[in-house]
Amino acid sequence: MNELYTEGEPIRDTKAPEGPIEDRWEKRKFSAKLVNPANKRKLHVIVVGTGLAGGSAAATLGELGYNVTSFCYQDSPRRAHSIAAQGGINAAKNYRGDGDSIYRLFYDTVKGGDFRARESNVYRLAQVSVNIIDQAVAQGVPFAREYGGLLDTRSFGGAQVSRTFYARGQTGQQLLLGAYQALERQIAAGTVKMHTRHEMLELIVSDGRARGVIVRDMVTGEIERHVADAVVLATGGYGNVFFLSTNAKGCNTTAIWRAHRRGAMFANPCYTQIHPTCIPVSGEYQSKLTLMSESLRNDGRVWVPAKAGDTRPAAEIPEDERDYYLERIYPAFGNLVPRDIASRAAKNVCDEGRGVGPGGLGVYLDFADAISRLGRDAVEKKYGNLFEMYERITGEDPYTQPMRIYPAVHYTMGGLWVDYDLQSTIPGLFVIGEANFSDHGANRLGASALMQGLADGYFVLPTTIGDYLANGPYGEVDEEAVAEAEIAVRNKIEKLLSVNGTRTADSYHRELGKIMWDYCGMERTEESLRKALERIPELREEFWQNVKVSGQAEELNQALERAGRVADFFDLAELMCIDALHRTESCGGHFRAESQDADGEALRDDENFAYVAAWEYGEQGPILHKEALDYEYVKMSQRSYK
Amino acid sequence: MSERAKGMNLTLKVWRQNGPEDKGRMVTYRVEDVSPDMSFLEMLDVLNERLILEGDDPIAFDHDCREGICGMCGMVINGVAHGEQVATTTCQLHMRHFEDNAVITIEPWRAAPFPVVKDLVVDRSAFDRIIQAGGFISVPAGSAPDAHSVPVKKVDADAAFDAATCIGCGACVAACPNGSASLFTAAKITHLSLLPQGQPERASRAKAMVEQMDAEGFGGCTNTGECTAVCPKGIPLDTIARMNRDYLKASK
Amino acid sequence: MAVTGAVLVLFLVGHMVGNLKAFLGADSFNEYASFLRTMGEPLLTYRVALTLVEVVLGVCIVLHMWSAISLARRAGKARPVKYAARRKSQANGYAVHTMRYGGVIILLFVIYHLLDLTFGTVNPAGWDGTPYERLVEGFAPGRWWVTLFYVVAVVMVGLHLRHGLWSAFQTLGLASGRSYRPLKLTAAAISAVLVLGFLVVPVAVMIGVIK
């Protein structure tokens with residue numbers, strides 16, 4: 001395996017303060033240098049991305065008086081993909097008095113992350129969670145309420161306390177609009193300058209510091225230089241490396257991958273979360289996958305035909321020729337087994353040729369029993385909106401025939417490595433939200449993505465970045481560094497346009513996605529990963545020889561935009577596979593078939609793998625730096641759902 | 001599962017316009033073997049891949065989440081914003097709702113404050129400026145009191161939510177015979193004015209947002225109800241009454 | 001639009017009530033017509049009150065039209081490029097089609113109506129006839145086409161009001177989601193009463209009930 005990467009120095013200091021865990025964030029806030037209010041205006045910060053993390057960060061930095069420039073690739077900051085989050089947001093408010101506390105949220109998150117997250121970071125996240133709810137409510141986020149006028153909560157993702165605040169099935173949308181409105185207020189106040197329809201294509205590093213970005217104006221095609229005293233990346237996850245995922249079409253890795261190429265380490269790229277209840281693929285043309293709430297598994301029964309190749313309609317398959325495989329294999333939990341177990345089981349039965357629907361990639365989620373037991377009205381009340389969404393997309397009526405579901409890539413826990421201050425290995429480059437790796441370990445709990453994005457953006461980054469900026473302004477940026485970054489961008493665009501081959505970027509992306517899904521998806525083996533590592537470079541080579549991008553550089557050119565993103569996905573995919581190959585244990589969203597217990601549960605190897613794998617870019621292959629994970633507060637244990 | 005009907009053949013008449021200065025024209029395309037399970041945008045994806053391989057410019061259109069929530073997509077399909085299926089964004093519209101051999105006309109949102117950028121892509125930044133004028137509650141991060149310090153009646157919270165579901169797609173403007181942005185503006189005013197947190201800025205917000213809406217060049221509202229009929233989120237018309245009420249009060 | 005419209009609706013109600021006096025005979029009708037001119041006497045001199053009312057009405061009509069024209073012009077400016085596909089109304093198109101075109105038809109009708117029954121210019125009884133004579137001769141059975149024109153125009157007024165009344169409440173911010181149904185029903189009822197009230201007189205004349 002050593003031919004694939006080399007090992008460098010371990011990371012020893014994450015800059016987390018010492019002392020009792022509950023005091024660390026207070027300590028850090030106090031030790032952080034303050035910036036004189038009169039000087040803030042002279043300090044320029046670039047924020048890329050306007051989702052929950054980026055939007056809230058840009059707004060808050062603007063409120064503090066910094067000179068902020070914000071970028072997003074969409075036509076408005078309100079459209080970032082945080083908007084699609086359905087379930088809710090966790091916070092240790094303990095409004096129910098059901099025994100929740102900051103410590104319990106911290107504990108659940110560390111455990112849920114399968115002991116691959118940092119304790120200090122997670123504790124801070126739990127502490128800050130309570131402020132997020134206050135902030136959002138004050139902004140007018142219309143959370144669900146009870147008749148007494150107080151906020152409603154529900155339990156989520158197997159938590160035993162009810163700590164998830166929600167706004168119907170559109171919590172992400174409502175929280176994002178709150179952040180967006182705060183951002184627009186700062187734009188009106190002149191503290192934030194917004195550039196929509198701009199895509200970051202390169203990071204400017206000068207004298208070892210992140211000093212700006214090269215962006216492309218997606219309307220005119222103009223390549224622009226923007227310099228600043230610090231750069232914040234809030235550009236989301238990279239689930240679209242699989243082509244099909246629940247991410248928005250535009251989600252991409254380019255910003256963080258470019259930063260990685262310029263020296264920021266990439267941590268745990270292989271940690272991928274797969275969601276078991278998505279609407280299956282219906283054909284080759286499929287452009288994305290749609291998630292349906294996991295709550296469906298509370299009343300639906302999962303099954304496939306007992307015989308492989310049984311193509312009869314569901315209604316014509318008698319009871320004794322159906323295999324309710326989750327109930328059969330996991331009698332205790334049945335249809336409610338954890339996400340990863342449910343996902344893998346679905347994959348297994350489909351691999352056996354027992355899948356249903358187009359291409360045999362789907363399993364039934366049947367509500368017939370629930371309807372006969374509870375009545376159609378009760379089922380409609382509980383799941384009506386989900387059934388309607390399903391029918392809209394598939395044209396099938398789930399009241400009369402079983403739904404078809406299949407797992408899909410949903411979230412990526414990995415991302416750029418950051419220290420306790422959310423600063424990457426490039427000084428002045430901060431990374432927040434899904435784009436960093438910090439808080440979820442190997443698996444993210446439901447309703448925690450929104451929490452982390454907003455914690456980073458509203459509360460953590462605005463404090464920690466001040467400490468860095470207090471030493472600024474950082475003076476002139478080296479002209480050569482800027483020119484070099486710009487030329488790199490221009491060369492890449494020119495190259496993409498000049499190949500003039502015979503396949504579209506999308507068709508390569510689709511093929512890359514299939515390689516990743518088949519070989520580096522829900523279940524990974526040494527063999528599959530090696531196969532992927534063989535196929536990816538070949539396909540990348542072919543891409544650069546044979547891709548076809550029509551149109552010009554100096555215009556709105558969606559073919560060019562996509563091609564540029566696909567090019568970076570190739571490189572990332574390779575690193576993901578190397579990371580997955582090197583981590584021979586299973587943990588959270590990373591399942592190595594070689595490492596499982598008798599029940600098919602992920603089997604960790606704490607002795608050898610209780611570390612963060614931070615990868616440095618190297619011309620001769622990636623360089624692994626290990627950051628050891630110590631657990632002072634939560635005792636490491638093997639997850640069990642029995 | 002549904003009967004896997006064989007592919008449909010369609011004739012598309014699509015608005016093509018190279019840039020804001022170009023005059024633009026309708027161009028006819030023939031697409032064949034379209035699966036009824038495709039979404040409308042996937043059908044355009046397939047056509048675009050073909051156009052790229054033929055060395056043509058693909059049809060530019062806005063889209064992102066493709067699950068009906070980001071508000072980025074939007075086109076006028078056969079004269080109806082987002083197509084004829086009610087309460088549906090273009091990305092959630094599926095080809096099974098069209099007849100085989102149908103002729104489908106596809107145009108961008110038409111409104112002076114939404115200039116065409118390219119093909120079906122329009123510039124909706126006017127909406128952002130309306131929000132900038134006052135579509136927020138001024139509360140800097142960290143200054144908020146405990147979330148339970150102000151109870152909110154459930155009916156108010158629910159009504160505020162109904163208005164807050166607006167995705168800012170602009171279909172209301174596209175459908176309005178007057179090109180009015182009243183439904184969009186009113187949705188935000190209603191969302192914030194129904195909540196106790198929104199009261200201090202209620203009057204100034206309504207006034208500033210309505211004035212910005214007018215300054216952007218949107219038309220006036222004549223209560224035709226076309227906006228709410230095409231709204232993917234079904235934002236109700238009474239939000240406009242509330243906006244008018246708040247505006248008249250603020251203008252006294 | 002809403003305020004001037006409201007004034008005009010109030011006028012219509014009064015106008016209709018006055019019209020119905022035709023059923024009480026020529027004297028009652030003429031007396032009423034002369035009362036309109038001597039209103040406010042002796043405090044005000046002959047026709048002063050009526051002139052004031054006429055001025056207010058005139059101003060309202062002008063402002064109402066001005067509002068409508070400026071809305072239409074704004075609408076035109078807001079959509080300089082029209083849709084190639086015929087825009088399909090998704091809200092049954094009622095308001096779109098009746099208000100603007102209906103308004104123009106109503107305006108033409110009002111002009112004719114004034115020339116006919118107020119100034120008598122196009123009325124067989126002429127300027128010299130009593131109001132009652134103008135009424136009876138104007139809608140004489142032989143002039144059925146005049147009556148037909150009135151019927152069409154008055155129905156148009158009704159349609160205009162049906163949307164206009166509800167719309168005024170909406171524009172003035174007096175409507176709410178819950179009051180939409182009752183408001184729309186009330187608007188329809190008022191419009192229907194006005195249409196019937198206005199049409200019953202000319203029709204009665206035409207079929208000879210009023211002579």
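Residues numbered from 1 in each chain as written. Chains lettered and ligands numbered in written order. Predicted model: local features only at pLDDT ≥ 70, side-chain atom pairs only at ≥ 80, totals over all residues. Heavy atoms only, no water.

1. Let's talk about the overall build of chain C
Here is step 1: Helix and strand counts for chain C come out as seven helices and zero strands.
Here is step 2: Its helices and strands taken in sequence order, chain C reads α-α-α-α-α-α-α from the N to the C terminus.
Here is step 3: Projected onto its principal axes, the C-alpha positions of chain C cover 55 × 45 × 35 Å.
Here is step 4: In chain C, once contacts between residues fewer than 6 apart in sequence are set aside, the share between residues at least 24 apart is 66%.
Here is step 5: Carbon and sulfur atoms provide 73% of the accessible area of chain C, an area that totals close to 11900 Å². (Helix = DSSP H or I, 4+ residues; strand = E, 2+ residues; numbered from the N terminus. Contact = heavy atoms within 4.5 Å. Areas by Shrake-Rupley, 256 points an atom, 1.4 Å probe, with all protein chains shown as cover.)

2. What to know about the interface of chain C and chain B
Here is step 1: Counting residues at the interface gives 34 residues for chain C and 41 residues for chain B.
Here is step 2: The largest contributions to the chain C side of the interface with chain B come from R79, Y83 and Q90 of chain C, which together make up 22% of the buried area.
Here is step 3: Summed over the shared surface of chain C and chain B, the result is one salt bridge.
Here is step 4: A salt bridge links R74 of chain C to D214 of chain B, with the nearest nitrogen and oxygen atoms 3.1 Å apart.
Here is step 5: On the surface where chain C and chain B come into contact, there are 27 residue pairs in polar contact (both at pLDDT 80 or more).
Here is step 6: If you list the elements that add at least two residues to the side of chain C that touches chain B, you get α3 (48-78), α4 (94-118) and α6 (144-171) of chain C.
Here is step 7: Residues belonging to the side of chain C that touches chain B are distributed by class as follows: 16 nonpolar, 10 polar and eight charged. (Buried area = accessible area lost by both parts, 1.4 Å probe. Salt bridge = Lys/Arg side-chain N within 4 Å of Asp/Glu carboxyl O. Polar contact = N/O pair within 3.5 Å; in protein donor to acceptor, adjacent residues only side chain to side chain. Nonpolar A, V, L, I, M, F, W, Y, C, P; charged D, E, K, R; others polar.)

3. Let's talk about the environment of Y519 of chain A
Here is step 1: Tracing the chain through its elements places Y519 of chain A in helix α14 (residues 505-519).
Here is step 2: Y519 of chain A sits 51 residues away from F570 of chain A along the chain, and the two C-alpha atoms are 14 Å apart.

4. Quick word on the confidence of the model for chain C
Predicted coordinates in areas of low pLDDT are best not read in detail.
Here is step 1: Averaged over every residue, the pLDDT of chain C is 90; the share at 70 or more is 98%.
Here is step 2: Both scores are given for the predicted complex: the pTM is 0.96, the ipTM 0.97. (pLDDT = per-residue confidence, 0-100.)

5. Considerations on the packing of aromatic side chains
Here is step 1: Inspection of every chain in the model, using the stated rule, returns 38 aromatic pairs over all chains.
Here is step 2: Measuring from ring centre to ring centre gives 6.4 Å for Y103 of chain A and Y123 of chain A, while their planes differ by 65°; the resulting arrangement is edge-to-face. Highlighted residues: Y103 of chain A in helix α4 (residues 102-112) and Y123 of chain A in helix α5 (residues 119-139), separated in sequence by 20 residues.
Here is step 3: Centre to centre, the rings of F430 of chain A and Y468 of chain A are 5.9 Å apart; their planes meet at 70°, and the pair counts as edge-to-face. Here F430 of chain A, found in strand β19 (residues 429-431), pairs with Y468 of chain A, found in helix α12 (residues 449-469); they are 38 residues apart in sequence, far enough to count as distant.
Here is step 4: Ring pairing ties together the aromatic residues F109, Y112, F139, F149 and Y150 of chain C, which thus form one cluster.
Here is step 5: Here the basic side chain of R301 of chain A rests over the ring of Y324 of chain A, its NZ or CZ set 3.8 Å away from the ring centre.
Here is step 6: Here the basic side chain of R583 of chain A rests over the ring of Y611 of chain A, its NZ or CZ set 5.1 Å away from the ring centre. (Phe/Tyr/Trp six-rings, centres within 6.5 Å; stacked < 30°, edge-to-face > 60°. Lys NZ or Arg CZ within 6 Å of the ring centre and 35° of its normal.)

6. A short note on the pairing of strand β22 (residues 611-616) of chain A
All names here are of chain A.
Here is step 1: Of all six residues in β22, five are buried; the element is thus mostly enclosed.
Here is step 2: Inspection of the sheet shows strand β12 (residues 266-267) paired to β22 by two bridges, in the antiparallel sense. Along β22, the bridge assignment pairs F266 with W615.
Here is step 3: Two elements, β22 and strand β23 (residues 623-628), share six bridges in a ladder whose sense is antiparallel. The partner of A613 across the bridge, within β23, is K626. (Buried < 20%, exposed > 50% of the residue type's maximum accessible area, 1.4 Å probe, protein only. Pairing = 2+ DSSP bridges.)

7. Describing the domain arrangement of chain B
All names here are of chain B.
Here is step 1: Along its sequence, chain B is carved into domain 1 (8-118) and domain 2 (124-251).
Here is step 2: Centre-to-centre, using C-alpha coordinates, domain 1 lies 29 Å away from domain 2.
Here is step 3: Each partner contributes to the interface: domain 1 provides 18 residues, whereas domain 2 provides 18 residues.
Here is step 4: With both sides pooled, the region where domain 1 packs onto domain 2 buries about 1300 Å², and carbon together with sulfur makes up 64% of that total.
Here is step 5: Sorting the residues of domain 1 by area buried against domain 2 places W109, P113 and F114 first, and these three jointly supply 38% of that buried surface.
Here is step 6: At the junction of domain 1 and domain 2, the tally comes to one salt bridge.
Here is step 7: A salt bridge links R124 to D62; its shortest N-O distance comes to 3.6 Å.
Here is step 8: Linking domain 1 to domain 2 there are four residue pairs in polar contact (both at pLDDT 80 or more).
Here is step 9: Classifying every residue of the side of domain 1 that touches domain 2 gives 12 nonpolar, five polar and one charged. (Domains from an automatic or database assignment.)

8. Regarding a nonpolar patch on the surface
Residue and element names in this part refer to chain C.
Here is step 1: A grouping of I61, M65, I69, V104, L107, L108, I111, L114, L115, F119, V122 and W127 is seen on the molecular surface, where their side chains present a nonpolar patch of about 1000 Å² in accessible area.
Here is step 2: The set of elements that each furnish at least two residues to the nonpolar patch consists of α3 and α4.
Here is step 3: Per element, the largest residue contribution to the nonpolar patch is six residues, and it comes from α4.
Here is step 4: Here I69 lies in helix α3.
Here is step 5: For I69, a relative accessible area of 48% gives the class partly exposed. (Patch = residues over 30% accessible without salt bridge, like charges linked within 9 Å, V, L, I, M, F, W, Y side chains within 5 Å.)

9. Brief notes about the interface of chain B and chain A
Here is step 1: Taken residue by residue, the interface counts 78 residues in chain B and 82 residues in chain A.
Here is step 2: Taken over both partners, the interface formed by chain B and chain A buries close to 6600 Å², and the fraction arising from carbon and sulfur atoms is 53%.
Here is step 3: At the boundary of chain B with chain A, the tally comes to seven salt bridges.
Here is step 4: Notably, a salt bridge pairs D162 of chain B with R168 of chain A, separated by 3.0 Å at the nearest N-O pair.
Here is step 5: Put simply, chain B and chain A have 52 residue pairs in polar contact (both at pLDDT 80 or more) between them.

10. Here's the deal with helix α6 (residues 202-215) of chain B
Residues and elements named next belong to chain B.
Here is step 1: Over its 14 residues, α6 runs 20 Å from end to end, which matches the ideal 20 Å to within 8%, given 1.5 Å per residue.
Here is step 2: Buried within α6 are the following residues: R205, A206, M209, V210 and M213. Mapping the buried residues of α6 onto a view down its axis gives an arc of 115°, with all of them on the same face.
Here is step 3: Buried-residue contacts for α6 involve α2 (125-134), α5 (182-193) and α8 (238-251). (Expected span 1.5 Å × (residues − 1). Arc of directions from axis to C-beta.)

11. Regarding the UniProt feature "transmembrane region" (unreviewed entry) in chain C
All names here are of chain C.
Here is step 1: UniProt records the feature "transmembrane region" (unreviewed entry) for residues 46-72, 93-115, 144-165 and 185-210 in the present numbering.
Here is step 2: This span, residues 46-72, is 93% helix and 0% strand, and a straight line between its end C-alpha atoms measures 40 Å.
Here is step 3: Each end of residues 185-210 is marked by a C-alpha atom, and these two atoms are 32 Å apart; helix forms 85% of the span and strand 0%. (UniProt positions renumbered as here; feature names shortened; annotations may be inferred.)

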